[in-house]
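# Coordinates in review
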Amino acid sequence: MVYEGTAFELSSEALETVESSRQALLRHLETGVICYGVTTGMGAMSQLDLTTEQRAALPRHTLLGRASGTGPPLPAAVGRGALLAKLVQFVGGRSGVSADLCVTLADRLNRGMTPMIPSRGFGMAGEIIPLAHVMQTLIGEGRVIRSGGDIGTARQWHLDHGVEPYDPGVKEGLSLISGTAVGPALAWDHARRAGAVLDLAGLVAVSSVEAAAAPVDAYSVDAASLNPDPFVAAVCEAFRAVLSGSEVRRRQRQAPVSFRVTPQVHAVALGAIQAVRVTALADMRCNGDNPAFFSDSDSPVFGRLVNSGNFHGAALASAVENLSRALVHVGILSEKRLYRLLDERATGLARQLAADPGLDAGLVTVHKAASAYGASLRMLAASVSVMQPDSSFGQEDAATMIFASLERLGEAVSLLSIILAHEAYVAAVAIDQRGEVPGDGVAAFHSRLRTRIPPYSGDRPYGTDLDLLIEIIDELVTEIVDGKGSEIVDQIGEGNRSACREVDERCGLNDTKRMSVSTTPGSGAAIARVTR
């Protein structure tokens, strides 16, 4: 639905649940109760009671007056993911929105609407700023990403599709910007790319193993059996698959630690990716409406309003920062292995892999360049979730800073891929110098590099080669993300994915035929069925 545009329709049962709750909410409000964001202002304005005219105008004002983000757009899938998350949350009937709003959300997703969300300026409790950018497109305001990737207005999108902008009713503006939706969608998107980069990190690491003629017992079934972590076993299995067919004569001494502990470090990253995906999915299903509404047909006031802190995605912020730290460790190992490949004591090859030692400096400057990227990567391990602002005159005195954490995660993924390109460059030169047949997966990877980057034969400007190799790495990452991975990465990636399937099944991540919120009463059952 988000990435491939699969069409769906809402079930009549879901719409009946939503509309029944809506009517109960309206009757509840008629009893004169105070409702935050409906009969009062919001934030520091919550102490002010609204007139009848102000109450009617508030839903639209809510979507307009909070869209203050700036910067380049987030990935297109994030806006669609946020629309879907809100729809999933609404069908539980706890938001008190109308069935018409749910139908509108489903219609906009099926028509391919892609809200444009700027990437910066999100210091707030919950997600009111980015969600305002997403949801104002429903009322014909704000911007959208068009099919060609350029930016257009939501007003023109509605004209092009022949539909009227939505007119939000009482409480619907508040519900559209409450809770979590953009953060989980962005976290999911980053986790997809992080998984692809981790696949390549394994392939590059094994390339260095072959380049150094390092012993491979650290990746054996015996070594994996000593560790109860299933992710370690999966990484070791993937490494063995890529090493299959190797004719490299192994050195008899232990390899440096950076070679031997790669499965353990990659396993942590693999588990961290899964944790982000599971937590993001939980947040997409979590109703963070403040207040939420619980209808009660036996109550003289038809139900009750409940304020909660479910808009505070603390678990996701923690998972995102854990993943960033895990990727930093993967990058540290990559830079360390690269450095060891230049040391003749570790490889038995020429010092610094120089073609003519003394005259040629070899690849030492490639390592120096990688170490600069490594320093930038290490900076991203610092926690930003503790750097919380105090806003709305103290009414909003806590925030997860999830978007600052997600920005760091995106930077970590990008920097890691660049460091891996530097390691891959040096490993390819060492493999050439060794002159022995590497494992099948490494040989295929090496061949792809050599089709575009000529072999090393002495000192030359390396920046152009490295830019090209960074481009090749990005191409491979995109192929994996798009599900078009070639045999070069299939072996390593399949090993990683096999370790995740049990978690996927347990958390419902593989259920493509139905969407559900949860099994708790009132949260909604199946809300949609795939129609294409």
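Residues numbered from 1 in each chain as written. Predicted model: local features only at pLDDT ≥ 70, side-chain atom pairs only at ≥ 80, totals over all residues. Heavy atoms only, no water.

Looking now at the overall build of the protein. Within the protein, the regular secondary structure consists of 19 helices and nine strands. Within the protein, the fraction of its 532 residues that count as buried is 53%. In the protein, 77% of the contacts between residues at least 6 apart in sequence involve partners at least 24 apart. Total accessible area computed for the protein in this model is approximately 22,300 Å², and 53% of it derives from carbon and sulfur atoms. (Helix = DSSP H or I, 4+ residues; strand = E, 2+ residues; numbered from the N terminus. Buried < 20%, exposed > 50% of the residue type's maximum accessible area, 1.4 Å probe, protein only. Contact = heavy atoms within 4.5 Å. Areas by Shrake-Rupley, 256 points an atom, 1.4 Å probe, with all protein chains shown as cover.)

This part covers the packing of aromatic side chains. Scanning all chains against the criterion turns up four aromatic pairs. With a centroid separation of 6.1 Å and 75° between ring planes, the pair formed by Y425 and Y462 is classed as edge-to-face. One end of the pair, Y425, is in helix 16 (residues 402-434); the other, Y462, is in the loop between helix 17 (440-450) and helix 18 (463-481), and 37 residues separate them in sequence. Of the two residues, Y425 and Y462, both sit in the buried class. (Phe/Tyr/Trp six-rings, centres within 6.5 Å; stacked < 30°, edge-to-face > 60°.)

Relative to the assigned elements, S175 resides in helix 7 (residues 172-177). Looking at S175, the relative accessible area reads 0%, which means it is buried. Within the structure, the side chain of S175 is placed 2.9 Å from the side chain of K171, a separation counted as a polar contact. Not counting the four nearest positions on each side in its chain, S175 is found in contact with K86, F90, S95, V97 and D289. (Polar contact = N/O pair within 3.5 Å; in protein donor to acceptor, adjacent residues only side chain to side chain.)

Further remarks concern the environment of V163. Among the structural elements, V163 can be located in the loop between helix 6 (154-161) and helix 7. Here the alpha-carbon distance between V163 and R108, two residues 55 residues apart in the chain, equals 9.7 Å. If sequence neighbours within four positions are ignored, V163 has contacts with R108, R111, W157 and H158.

According to the stated counting rule, one finds 20 salt bridges in the structure shown. Between R146 and D150 there is a salt bridge; the shortest N-O distance is 2.7 Å. Classification of R146 by relative accessible area gives partly exposed; the value is 39%. Judged by relative accessible area, which is 37%, D150 ranks as partly exposed. Here the salt bridges do not stand alone but share partners, grouping R448, R452, E471, E475 and E479 into one network. (Salt bridge = Lys/Arg side-chain N within 4 Å of Asp/Glu carboxyl O.)

Here the focus is the confidence of the model for the protein. Of all residues in the protein, 89% attain a pLDDT of 70 or more, and the chain-wide mean is 89. Predicted confidence for residues 511-532 stays below pLDDT 50, and this span has 55 contacts to residues more than four positions away or in other chains. (pLDDT = per-residue confidence, 0-100.)

A cis amide bond links N290 to the next residue, P291, at an omega of 10°. Along the chain, the position of P291 falls in the loop between helix 12 (262-285) and strand 6 (292-295). Although it is not a glycine, A213 sits at a positive phi angle of roughly 55°. Tracing the backbone shows A213 in the loop between helix 8 (182-212) and helix 9 (221-225). You will see that L353, though not glycine, has its phi angle at about 60°, which is positive. For L353, the location among the structural elements is in the loop between helix 14 (344-347) and helix 15 (364-379).

What follows deals with the side chain of S178. With respect to the helices and strands, S178 occurs in the loop between helix 7 and helix 8. Excluding its chain neighbours within four sequence positions, the residues that come into contact with S178 are K86, L131, G288, D289 and N290.

Turning our eyes to something else, we now look at the environment of L468. Summarising the element assignment, L468 is placed in helix 18. On the basis of relative accessible area, L468 is assigned to the partly exposed category, the value being 22%. Residues L468 and L449 lie 19 residues apart in sequence; the distance between their C-alpha atoms is 9.3 Å. Setting aside residues up to four positions removed in sequence, L468 forms contacts with R452 and I453.

A few words on the packing of helix 15 against helix 16. Closest axis-to-axis distance for the helix 15/helix 16 pair is 9 Å, and the angle between their directions is 160°. With respect to their mutual orientation, helix 15 and helix 16 come out roughly antiparallel. In the packing of helix 15 onto helix 16, the handedness of the crossing is left-handed. Residues V366, A369, A370, Y373, G374, S376, L377 and M379 of helix 15 pack against R408, A412, L415, L416, I418, I419, H422, Y425 and V426 of helix 16. For the contact of helix 15 with helix 16, the class distribution of residues is 13 nonpolar, three polar and one charged. (Axes fitted to C-alpha atoms, helices over the stretch in contact; angles between N-to-C directions. Parallel < 35°, antiparallel > 145°, perpendicular 65-115°, else oblique. Left-handed = near helix turned anticlockwise from the far one by under 90°. Nonpolar A, V, L, I, M, F, W, Y, C, P; charged D, E, K, R; others polar.)

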